[in-house]
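A structural walkthrough
Read off the chains here:
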Amino acid sequence: MRTRIVRRLLTPLLAATALAAAVLTPAGTASADVPGTASLAAATTVGIHNTYDQAAYPYLADALDAGASMVELDSWFNVFTHKWNVSHGNPLGDDNNCVAATTAAGLHGGDRDQDLGACLDDIRLWLGAHPGHPPVVIKLELKAGFDATIGMGPAALDSYVAQHLGDIVFRPADLLAKAGGGAYPDLDTAARAGNWPSRAALAGKVILEVIPGTVEESNPFDHLWTDVEYAGHLRDLAAAGTLGSAQIFPSVLGAAAGDPRTRYADAGLRPWFVVFDGDAATYLGGIDTSWYDTNHYLLVMTDAQNVAPALDDTAPPVDQARARVAQLAAAHASVVSCDWRGLTTVLPEVLPRG
């Protein structure tokens, strides 16, 4: 009887101790829970919102130095230069922490406020200087969308990305390719078959996702948003047998219950979405996020700090930030997006998804 009573009293204490140990485990130790053989879709990593902002980091490379597994770039098509600018609110200029580096030694100095090409070059150079580094997600928000009428549509962006990143991009065609030869018919079929490579196989690689921009969404004259336009682009390339030129995965933007791809009236677009991006608090407010994990879709959860109880936007206590990342990993996030720029023991974390 005494043994039973002691066990009953100790059980809650032991559980609490185990939870505390999990929360306080160093980031490097947590990473060991996800072996390199695990699929990209089987892990949860941490990324930084609006990484290009000089208030976030003096230089874009600083975010990668800090351990961020996702960087976010806001971009605008420039009707005059036909380049892609990077800024939060200036459609005709650059306001960012990217530099025109030509070697890794130049990533932490020189003139900032460069275009998207320089930002992509910075990432490529940084990865080249860190061989074997785990894959990095590049999130592109096209603030005003595409404008194919001036030659700045999806194909132009593909060419631009390929010019600056070369063979380090994991492309939609790569997800379709079967190990024994042949290919799956669309991204949805490939993802549900679990065809994502392992994180080890993607070392040194980048995966680009693109979302509609806030200006585009508020423009009453824009009836072809980025997600629809790029998904249609993928479908057309696949039909023409030229999908290999595509560099980007379009995201379904906005947390919603069920399969949010049903919002697309053209059902033929739906199989070309396997990346989803939305507010973490909304996802945790009653949405069955296990659906994303079961189907091996990538799920980016934004504003991690706003899940109740809310945390500090930029510098919460490390134990609280780690607990939040663990909470969202258990809720099937692939990427936890936040503004915790200085938490260099949190940003490198890699946790088992689910």
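Before reading further, recall that the structure is shown in the block above.
Being a predicted model, the structure only gives us computed values, none of them experimental.

Cut-off values and rules
Residues numbered from 1 in each chain as written. Predicted model: local features only at pLDDT ≥ 70, side-chain atom pairs only at ≥ 80, totals over all residues. Heavy atoms only, no water. Disulfide = S-S within 2.5 Å. Helix = DSSP H or I, 4+ residues; strand = E, 2+ residues; numbered from the N terminus. Buried < 20%, exposed > 50% of the residue type's maximum accessible area, 1.4 Å probe, protein only. Patch = residues over 30% accessible without salt bridge, like charges linked within 9 Å, V, L, I, M, F, W, Y side chains within 5 Å. Areas by Shrake-Rupley, 256 points an atom, 1.4 Å probe, with all protein chains shown as cover. Salt bridge = Lys/Arg side-chain N within 4 Å of Asp/Glu carboxyl O. Lys, Arg positive; Asp, Glu negative; His and termini not counted. Charge placed at Lys NZ, Arg CZ, Asp CG, Glu CD. Polar contact = N/O pair within 3.5 Å; in protein donor to acceptor, adjacent residues only side chain to side chain. Contact = heavy atoms within 4.5 Å. Expected span 1.5 Å × (residues − 1). Arc of directions from axis to C-beta. Pairing = 2+ DSSP bridges.

1. Considering the state of the cysteines
Counted according to the given criterion, the structure contains one disulfide. Covalently, Cys 98 is tied to Cys 119 through a disulfide, its sulfur atoms 2.0 Å apart. Here the disulfide of Cys 98 and Cys 119 is right-handed, its torsion about the S-S bond being about 105°. Pair noted here: Cys 98 is in the loop between β3 (84-86) and α4 (116-128) and Cys 119 is in helix α4, with a separation of 21 residues, a long-range link. The pair Cys 98 / Cys 119 is uniform in exposure class, with both members buried. Of all cysteine sulfurs, the one in Cys 98 lies closest to Cys 338, which takes part in no disulfide; the gap is 19 Å.

2. Quick word on a nonpolar patch on the surface
On the surface, Val 79, Phe 80 and Leu 92 cluster together to form a nonpolar patch covering roughly 320 Å² of accessible area. Mapped onto the fold, Phe 80 is located in the loop between β2 (70-77) and β3.

3. Some words on a negative patch on the surface
Taken together, the side chains of Asp 53, Asp 95, Asp 111 and Asp 113 make up a negatively charged region of the molecular surface. Relative to the assigned elements, Asp 111 resides in the loop between β3 and α4.

4. Structural notes on the environment of Glu 349
With respect to the helices, strands and loops of the structure, Glu 349 is situated in the loop between β9 (335-338) and β10 (351-352). Overall, the relative accessible area of 4% leaves Glu 349 in the buried class. In this structure the C-alpha to C-alpha distance between Glu 349 and Ala 41, which are 308 residues apart in sequence, comes to 15 Å. In this structure the side chain of Glu 349 is engaged in a polar contact, spanning 3.4 Å, whose partner is the side chain of Arg 322.

5. A look at the side chain of Arg 199
Inspection of the secondary structure assignment puts Arg 199 in the loop between α7 (187-192) and β5 (206-212). Buried and without a salt bridge, Arg 199 has Glu 349 as its closest oppositely charged side chain, separated by 12 Å. Sequence-distant contacts of Arg 199, that is, excluding residues within four places in its chain, are made with Val 34, Gly 36, Ala 38, Ser 39, Leu 40, Ala 43, Thr 45, Pro 134, Pro 135 and Val 350.

6. Topic: helix α12 (residues 318-330)
For α12, with 13 residues, the first-to-last C-alpha span of 18 Å sits near the 18 Å given by 1.5 Å per residue. Taken together, the buried positions of α12 are Ala 321, Arg 322, Arg 324, Val 325, Leu 328 and Ala 329. Down the axis of α12, the buried set is contained in an arc of 160°. They therefore lie on one face.

7. Regarding the pairing of β5
The element β5 is largely enclosed, with a buried count of seven among its seven residues. Relative to β5, strand β4 (residues 136-142) runs parallel, the two being bridged by seven bridges. Paired with Val 136 across the bridge in β5 is Val 206. Pairing of β5 with strand β6 (residues 248-253), which is carried by three bridges, proceeds in the parallel orientation. Paired with Leu 208 across the two strands is Ile 248, which belongs to β6.

As far as function goes, none of this settles anything; it's purely spatial.
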